[in-house]
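# Secondary and tertiary structure notes
Spelled out from the first residue to the last, the chains are:
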Amino acid sequence: MEDINSLVSLVAKAAGKPQDKYPVLKKLSEEEALIMVLGLSQTHLSMVTGKIGKIVHDADHSGSIKENIEKLKEELFSAIFTICVFADTLEMSGEELLNGTAGLAKSILKGS
């Protein structure tokens, strides 16, 4: 992968057009469709964080996480995929996503 813009583009292509997966979107106004697509991305992201939470919660009880590191990585990839879909839906470039995240980290560091 060359850069973050290429990643966002690749993910958007792999995810496909929401209208193809959810025909109801064609019946909605542009704004209603956007709200629905953003809601779907939010739902997918919540599902991924729930899976991560379960893995970590189970580790709290078992005292072991090493056997689940690969599962955690898979869920992290899924979360990043969904974030890229979300960014593409908002017409954000990968660079904007990267710079915004870096800006947030810098802001947090300044507040420490």
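Up top is the structure these notes are about.
Residues numbered from 1 in each chain as written. Predicted model: local features only at pLDDT ≥ 70, side-chain atom pairs only at ≥ 80, totals over all residues. Heavy atoms only, no water.

### Side note on the overall build of the protein chain
Helix and strand counts for the protein chain stand at 5 helices and 0 strands. Listing every helix and strand of the protein chain by position from the N terminus yields α-α-α-α-α. Since a compact globule built from 112 residues should have a radius of gyration of about 13 Å, the 17 Å found for the protein chain marks it as more spread out than a globular shape. In terms of principal-axis extent, the alpha carbons of the protein chain reach across some 50 × 35 × 30 Å. (Helix = DSSP H or I, 4+ residues; strand = E, 2+ residues; numbered from the N terminus. Rg over C-alpha atoms; globule rule 2.2 N^0.38 Å.)

### What to know about the packing of helix α1 (residues 4-15) against helix α5 (residues 94-111)
Between two packed helices, both the angle of their axes relative to each other and the distance between the axes serve to describe the pair. Where α1 meets α5, the closest approach of the two axes is 7 Å, and the angle between their N-to-C directions is 120°. Regarding the angle of α1 to α5, the classification is oblique. Once α1 is placed against α5, the crossing between them reads as right-handed. Between α1, through Ile4, Asn5 and Val8, and α5, the contact on the second element is made entirely by Gly94, Glu95, Leu97 and Leu98. (Axes fitted to C-alpha atoms, helices over the stretch in contact; angles between N-to-C directions. Parallel < 35°, antiparallel > 145°, perpendicular 65-115°, else oblique. Left-handed = near helix turned anticlockwise from the far one by under 90°. Contact = heavy atoms within 4.5 Å.)

### Considering the nonpolar core
Among the nonpolar cores identified, the biggest contains 7 residues, and these are Val8, Val11, Ala15, Cys84, Val85, Ala87 and Leu97. Every element with two or more residues in this core is listed here: α1 and α4 (69-89). (Core = buried A, V, L, I, M, F, W, Y, C linked by side-chain atoms within 4.5 Å. Buried < 20%, exposed > 50% of the residue type's maximum accessible area, 1.4 Å probe, protein only.)

### A look at the side chain of Ser41
Mapped onto the fold, Ser41 is located in helix α3 (residues 30-62). Setting aside anything within four residues of it in sequence, one finds Ser41 in contact with Thr82, Val85 and Phe86.

### Some remarks on the pattern of salt bridges
Applying the stated rule across the entire model yields 2 salt bridges. The shortest N-O distance in the salt bridge between Glu70 and Lys73 comes to 3.5 Å. With Glu70 and Lys73 both in helix α4 and 3 residues apart, the pair spans about one turn of that helix. (Salt bridge = Lys/Arg side-chain N within 4 Å of Asp/Glu carboxyl O.)

### A word on α3
In a regular helix each residue adds 1.5 Å, so 33 residues correspond to 48 Å; α3 covers 48 Å between its end C-alpha atoms and thus fits that length. Those residues of α3 hidden inside the fold are in contact with α2 (18-21) and α4. One or two steps after α3, the chain reaches Gly63, where phi turns positive at roughly 80°. (Expected span 1.5 Å × (residues − 1).)

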